[in-house]
2 protein chains.
Amino acid sequence: MKNVLGRDIPAEFLTAGREVFQGQYYRDGYTYTKHAPRVNAQVKPGKDKLLPDIEAVVRATGLQDGMTISFHHHLRDGDYIVNMVMKVIHELGIKDLTVCASSLGKAHDYLVPCIEDGTVTNISTSGIRDEIGEAVSAGKLKNPAIIRSHGGRARAIEDGTVKIDVAFIGAATSDPYGNASGKGGKADTGVLSYMAGDAQYADKVVIITDTLVSSPNFPASIEGVDVDYVVQVDAIGDPHKIATGALRLTSDTRELLMAKNAAKCMYYSGFFKDGFSFQTGAGGPSLATTIFLKEFMDQANVKCGWAMGGITEPIVDLFKAGYIHNLLDDQAFDLASVASAHTDPKHFEISASQYANPFNKGAFVNQLDFVILGALEVDVDFNVNVVQGSNGLLQGAPGGHPDTAAGATVTIIVAPLIRSRIATVRTAVTSVTTPGESIDIVVTDYGVAVNPKRTDLLAAFKDTNIPLKSIETLRDLAYEYAGEPKDIEFEDQVVALVEYRDGTFIDAIKKPKWLN
Amino acid sequence: MKNVLGRDIPAEFLTAGREVFQGQYYRDGYTYTKHAPRVNAQVKPGKDKLLPDIEAVVRATGLQDGMTISFHHHLRDGDYIVNMVMKVIHELGIKDLTVCASSLGKAHDYLVPCIEDGTVTNISTSGIRDEIGEAVSAGKLKNPAIIRSHGGRARAIEDGTVKIDVAFIGAATSDPYGNASGKGGKADTGVLSYMAGDAQYADKVVIITDTLVSSPNFPASIEGVDVDYVVQVDAIGDPHKIATGALRLTSDTRELLMAKNAAKCMYYSGFFKDGFSFQTGAGGPSLATTIFLKEFMDQANVKCGWAMGGITEPIVDLFKAGYIHNLLDDQAFDLASVASAHTDPKHFEISASQYANPFNKGAFVNQLDFVILGALEVDVDFNVNVVQGSNGLLQGAPGGHPDTAAGATVTIIVAPLIRSRIATVRTAVTSVTTPGESIDIVVTDYGVAVNPKRTDLLAAFKDTNIPLKSIETLRDLAYEYAGEPKDIEFEDQVVALVEYRDGTFIDAIKKPKWLN
């Protein structure tokens, strides 16, 4: 069945109330009953939640074939938790598990043998890259992976689409009762935002830490009242791979040009007012936009009320210089933001649900004035792909892309027209992650396209030096320089479903033939 | 049907799975599914939660006959919220409501006409005093009031015993999206602990504030993602009646004697070790105990890991002097504790569930070493009454009494042997609030009784100058000095049910005949 974007979702996946994507605000006002976990009441004092090792914990949780387990990616490329837990589960011979991760990457390669032998038969994740991306793209996972945005994952947990049996939460510090934090310890992640919902909605909640502290470990990202077991291990992650010392600040003139034009679009948009809010990503042009923002804020004599999202050093610098009043942090991307999360009283941890869940009573993305996002591909309908490479391979992550794009008043995509000799702007994206109706501006190194529905922005940019072009012109330029991209041939097998933040399917990704 | 304490619970109340009290840890390990609220998803940005007045809010929530509404008592005797909301509801002619309040007192007298004309037919509360106490004692409420401890209320909300349709939350400050706090503004309560569960489990959540601030109002006690509507009013409370300048520090030599003996019991108990935890109440002897505690901590060269509960100035003083490392605050009793809640980074707000809910995965009461509590009456089985006057009138509140008593390693009751010429220690309490099995020590001005089951404490106190007496001896002394109390005569009508923290009925309170 085709959705409103013309993307075909095979009928076999449209069971149990599942629908195809029908527009970004299609389910606004939807009324539902939240998922409720089963809880084992601890009335009696004096019980010890500490167990000696991962195996004891897995056994204590009663984990069985067919259950759902969850993990987070705050430890990023330094994460030891997923492999550590999966090895024990693998050895215990538990099969047919669903892994619901906030994201997966190269630290989680032990999932590949687990996929291959049926230990894991379902995966739900934002990022799906590297070896896991290849294994899933090749159709090795029994059922299609579900690709979810951060807001969509929070929603799926709260509305019961995903019922987590056991949440395994790596935490930098915990007390013996499970009050756990991303702060301190040996593997500091600053925040634990992606696990707030897991702790509240999973039946069993396990804290895995390498740094046990005395009670109360406050402020706690995860409350001990939600935690069944605590286990101390030697190390939850490699601190050197968790947060990079500094993200790359571009010196590429094309990237700087795009960054300046993105900042200029914000400046002239009509929404660049004192107290405005914004989010930028961690890519080169996004980081550089933050720098130019400072100049434009001086020029307009405005300050930012709050910046949100994955927090990076340039954002922290603006914050410390008084240009941003508050930071709302759902992920610390580098050492500077981890440090700021500890020490700055106006640097606040927010949960994934507060950040972006479309099914609560109003997430912070709804209050965003601006968001700067990247793209692997953009098409002439402004649809964006950030999940699938142009070669058909799963290699990206929606992250908060569809969430912030739907929420922000002005959504700006920054992407080079051509990347690795392949057109970024094209007639149709390989798969849709974020619908074109959520995208307002596309900034490339060859010009800036405004979504025609944003007549207000077109009017606001009219007498400026923003190099406006139609999206079709940008596509034509891209094809002129890089050639028209060849269609990739796919098998019939669906290897991943791209779930829109509201639970509808926005695309179905098939196995590329060349992977045979 | 008689419960294990011999208290008769009429069969008519033992429906829908309700049971009689069967021991403090009877439901340990009980597995249940948490209550889940209905939520109206706010997918679309740009919606305004602000409504012009209380009537508009009541109409927007869809409040109807027979529904349940909730309130908190952080504004204490200065609260305007309950009367303000009830007047609108009364005028709208909505009937047969259940009021689920964290506590009720003299600020809430508008409930009396609402009780009398059937606007309110059920009440669930901790405190029930003054005019409301008299009205309920006289049988004017259609159905028996349910008396719940703070932990019991948190449990009832989480396990679905109470399904709150609309929570009306007075907040010192809020942003337009409903991120609300007890801090700041004109009617500062320091914390909003009793409403954390209401915000998460009620279908509709309303913030009523007199101080609207810009977004984000962080740190937020109530998260905007749980809030449907926000309304600004002129004043939510009278700041002079919210927190008293200073609670009475006793100069009564009998009270000082009791306080010193209570502190001495802690000192000699065997549990007075570095990092210990404790809670004291706001009564004269409790406050004085805190003073003596300092001497004994110096003597033993120990510091307190954390103090919890209703926080008072003497506790804050010890904390600021470095004798207590952390404060866990579910209620600020005076201006000093309100101020400390704002400024001291180790002064933490905890929810009622974190504090005392027996049905989560381990509340902080489970980790208490000591609690000092008061009593209206104590009997020779160590049962305590803090709800009903010896004249049969409802006039007290369980608060955290049964919760902390069940959780703490050493539970100490401090009460004068005789009060207003009536024996406090007696053969049987008028009604049971906290079972004797939870009580370890009773400190009176005529001696100290240790529960015989605590052979460890009896051994520890053997060669000390603690004036040990049996509880029967204390009772005999009380009767010798004040006379044996006369039995009060009651009608058959049950006017209140005392619900133990786990949801079982520990007592049923009947209408005193003299109220006819």
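That block above? That's the structure.
A short tour of the structure in this document, coming up. No experiment lies behind these values; they were computed from the predicted model shown.

Summing up its helical and strand segments, chain A has 15 helices and 27 strands in all. For 516 residues, the compact-globule formula gives about 24 Å, and the C-alpha radius of gyration of chain A, at 22 Å, lands near that figure. If you line up chain A on its principal axes, its C-alpha atoms span 70 × 55 × 45 Å. By the burial criterion, 64% of the 516 residues in chain A qualify as buried. A sequence separation of at least 24 residues applies to 72% of the contacts in chain A between residues at least 6 apart. With an accessible surface of roughly 17,400 Å², chain A has 48% of that area assigned to carbon and sulfur atoms. For chain A, the distance from the average position of its 48 positive side-chain charges to the average position of its 64 negative side-chain charges is 2 Å.

Residue and element names in this part refer to chain B. By the secondary structure assignment, I169 is in strand β8 (residues 166-171). Given a relative accessible area of 0%, I169 falls into the buried group. Separated by 192 residues in the primary sequence, I169 and K361 place their C-alpha atoms 26 Å from one another. Look past the residues within four positions of I169 in its chain and what remains in contact with it is H72, M195, A199, V205, V206, I207, I208 and I222.

A cis amide bond links F218 of chain A with the next residue in sequence, P219 of chain A, at an omega value of -10°. Note on placement: P219 of chain A falls in the loop between β11 (204-209) and β12 (229-232). Positive phi outside glycine occurs at R76 of chain A, with the angle close to 45°. Looking at the element boundaries, R76 of chain A is found in the loop between β4 (68-71) and α2 (81-92). At N301 of chain B, a position not held by glycine, the phi torsion is positive, near 55°. The topology assignment puts N301 of chain B in the loop between α9 (284-300) and β14 (304-311). When its relative accessible area of 65% is taken as the criterion, N301 of chain B is described as exposed.

All names here are of chain B. Between the first and last C-alpha of helix α15 (residues 471-482) there are 16 Å, a value that for 12 residues agrees with the 16 Å anticipated at 1.5 Å per step. Looking at α15, one finds that the buried residues are I471, L474, R475, L477, A478 and Y479. The positive-phi residue at the C-terminal boundary of α15 is G483, with phi of around 85°.

Moving on, we come to the pairing of strand β26 (residues 490-499) of chain B. Residues and elements named next belong to chain B. Examined bridge by bridge, strand β7 (residues 145-147) and β26 share three bridges and lie parallel to one another. Along β26, the bridge assignment pairs I147 with V498. Sheet topology places β26 next to strand β27 (residues 505-512); six bridges connect them, and they run antiparallel. When the bridges of β27 are listed, V498 appears paired with D507. Between the end of β26 and the start of β27, which pair antiparallel, lie five residues, with G503 showing a positive phi angle near 95°.

Taken as a whole and judged by the stated rule, the model has six cavities of 30 Å³ or more. For the largest cavity, the calculated volume is near 50 Å³. For the largest cavity, the full set of lining residues is P37, V39, A199, Q200, A202, V225 and D226 of chain A together with K34, N360 and K361 of chain B.

Before going further, it helps to spend a moment on the sheet that holds strand β15 (residues 324-332) of chain A. Residues and elements named next belong to chain A. An order of β16-β15-β14-β13-β17-β20-β24-β25 is seen for the eight strands of this open sheet, with the pairing classed as mixed. For this open sheet the edge positions go to β16 (347-349) and β25 (447-450), each flanked by a neighbour on one side alone. Pairs of neighbouring strands in the sheet enclose a mean axial angle of 20°, with direction left out of account. The sheet contact formed by strand β17 (residues 370-373) and strand β20 (residues 410-414) spans four bridges and is parallel. In the sheet register, L373 faces β20, and the bridge partner there is I413. Taken strand by strand, helix α8 (residues 253-268) contacts β13 (276-280), β17, β20, β24 (441-444) and β25, and its axis lies near 155° from that of β24.

Moving on: the interface of chain B and chain A. Contacts between the two partners involve 60 residues from chain B and, on the opposite side, 60 residues from chain A. Along the contact surface separating chain B from chain A lie four salt bridges. Linking D228 of chain B and K361 of chain A is a salt bridge whose minimum nitrogen-to-oxygen distance equals 2.7 Å. Joining chain B to chain A, the criterion identifies 39 residue pairs in polar contact (both at pLDDT 80 or more). Contributions of two or more residues to the side of chain B that touches chain A are made by β1 (31-33), β2 (38-40), β11 (204-209), β15 (324-332), α12 (352-356) and α13 (401-407) of chain B. Of the residues belonging to the side of chain B that touches chain A, the class tally is 26 nonpolar, 20 polar and 14 charged.

Rules used in this analysis
- Residues numbered from 1 in each chain as written.
- Chains lettered and ligands numbered in written order.
- Predicted model: local features only at pLDDT ≥ 70, side-chain atom pairs only at ≥ 80, totals over all residues.
- Heavy atoms only, no water.
- Helix = DSSP H or I, 4+ residues; strand = E, 2+ residues; numbered from the N terminus.
- Rg over C-alpha atoms; globule rule 2.2 N^0.38 Å.
- Buried < 20%, exposed > 50% of the residue type's maximum accessible area, 1.4 Å probe, protein only.
- Contact = heavy atoms within 4.5 Å.
- Areas by Shrake-Rupley, 256 points an atom, 1.4 Å probe, with all protein chains shown as cover.
- Lys, Arg positive; Asp, Glu negative; His and termini not counted.
- Charge placed at Lys NZ, Arg CZ, Asp CG, Glu CD.
- Expected span 1.5 Å × (residues − 1).
- Pairing = 2+ DSSP bridges.
- 1 Å grid on protein atoms, 1.4 Å probe; cavity = no way out; pocket = protein on both sides within 12 Å on 5 of 7 lines; lining within 4 Å.
- Points joined across faces, edges and corners; volume = space filled by probe spheres on them.
- Axes fitted to C-alpha atoms, helices over the stretch in contact; angles between N-to-C directions.
- Salt bridge = Lys/Arg side-chain N within 4 Å of Asp/Glu carboxyl O.
- Polar contact = N/O pair within 3.5 Å; in protein donor to acceptor, adjacent residues only side chain to side chain.
- Nonpolar A, V, L, I, M, F, W, Y, C, P; charged D, E, K, R; others polar.

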